[in-house]
Amino acid sequence: MKGINKKLSIVGAGPGDPELITLKAIKVLKTADVILYDALANEDFLAYAPESAIKIFVGKRAGMHSRQQREINKMIVNYAQNCGHVVRLKGGDPYVFGRGHEELEYAVQFGIPTEYVPGISSAMSVPGLSGIPLTKRGVNESFWVVTGTLKDHSTAQDLKFAAQSSATVIILMGVKKLPEIVNLFMQYRGGKEAIAMIQNGSKPDERFISAELENIMEIQEKEQLKAPSIIVIGQVVKERGKSLSAFLEGQGLKMR
């Protein structure tokens, strides 16, 4: 019997737009024997895999876990040992709040060869796709990427340090913590600081709202953006309005 070439590839699927996946990720998908894919990974990418490949949804979202992480780890090892090449397809970049390295470490313990294929992180791409530059000369000097919710569902302490800085702050997994986040940033930056929220960034059903900290809760109460959403806080949010205004002016139109 021919030996099984066991392997694990941790692959980033990008923010959701089916065109925003890397050539290397596509190449890896074409060699998959098994694909374990997440809720944030566009299912269109499964078409790149061989028809014979086993495709299993193992997505996790707030309050709705198809599989527990411990079970996913065991599935990776079992499928690699019995089927061959396992592709773990994860939304965004697997190493940006994606637990990709945890899964890779687990597989290594069982002698399974591994590789990591970066993806376009939603934290880096979605703001820009919505017209917000993460950095702009004369506006800001740096940016932070912070999780809004920790494993125990508490608010990340690093948010306090981020709020005290002058940097742009991109917050993932923060929708349910929005009231706490807004109150925290208002303490250090005041109510006039700009904020934006982007749901389903890069997808056809993307939703966007922006305001100042002092009135974002009123808008969110009306619009009810849900996860997955990205929160952006900082003066660069206002650059989106300038870009839209310039575009409309070029078309002989005005912003309403």
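Refer to the structure above for everything that follows.
What counts, and at which threshold
Residues numbered from 1 in each chain as written. Predicted model: local features only at pLDDT ≥ 70, side-chain atom pairs only at ≥ 80, totals over all residues. Heavy atoms only, no water. Salt bridge = Lys/Arg side-chain N within 4 Å of Asp/Glu carboxyl O. Buried < 20%, exposed > 50% of the residue type's maximum accessible area, 1.4 Å probe, protein only. Helix = DSSP H or I, 4+ residues; strand = E, 2+ residues; numbered from the N terminus. Arc of directions from axis to C-beta. Contact = heavy atoms within 4.5 Å.

Colleague: Before we move on, could you go through the pattern of salt bridges and cite the residues and values that matter?
Modeller: On inspection of all chains with the given rule, the structure shows twelve salt bridges. Where E102 meets R99, a salt bridge forms, and the shortest distance between an N and an O atom there is 3.2 Å. Assessed through its relative accessible area of 39%, E102 is described here as partly exposed. One salt bridge connects K136 with E239, and the closest N-O pair in it is separated by 2.7 Å. On the criterion of sequence distance, the pair formed by K136 in the loop between helix 4 (122–129) and strand 8 (143–147) and E239 in helix 8 (residues 237–250) is long-range, its members being 103 residues apart. For E239, a relative accessible area of 6% corresponds to the buried category. Each of D38, R88, K90 and E103 takes part in salt bridges that share partners, so that together they form one network.

Colleague: Could you give an account of helix 3 (residues 100–108), with specific residues and numbers?
Modeller: When helix 3 is considered as a whole, its buried residues turn out to be G100, E103, L104 and A107. Buried residues of helix 3, viewed axially, fall in a sector of 100°; they line one side. Close packing links the buried residues of helix 3 with strand 1 (7–12), helix 2 (69–82), strand 6 (85–90) and strand 7 (114–117).

Colleague: Describe the environment of E51, with residues and values.
Modeller: Note on placement: E51 falls in the loop between strand 2 (34–37) and strand 3 (54–57). Overall, E51 belongs to the exposed group, its relative accessible area being 81%. Spatially, the C-alpha atoms of E51 and K30 are 9.7 Å apart, while their sequence positions differ by 21 residues.

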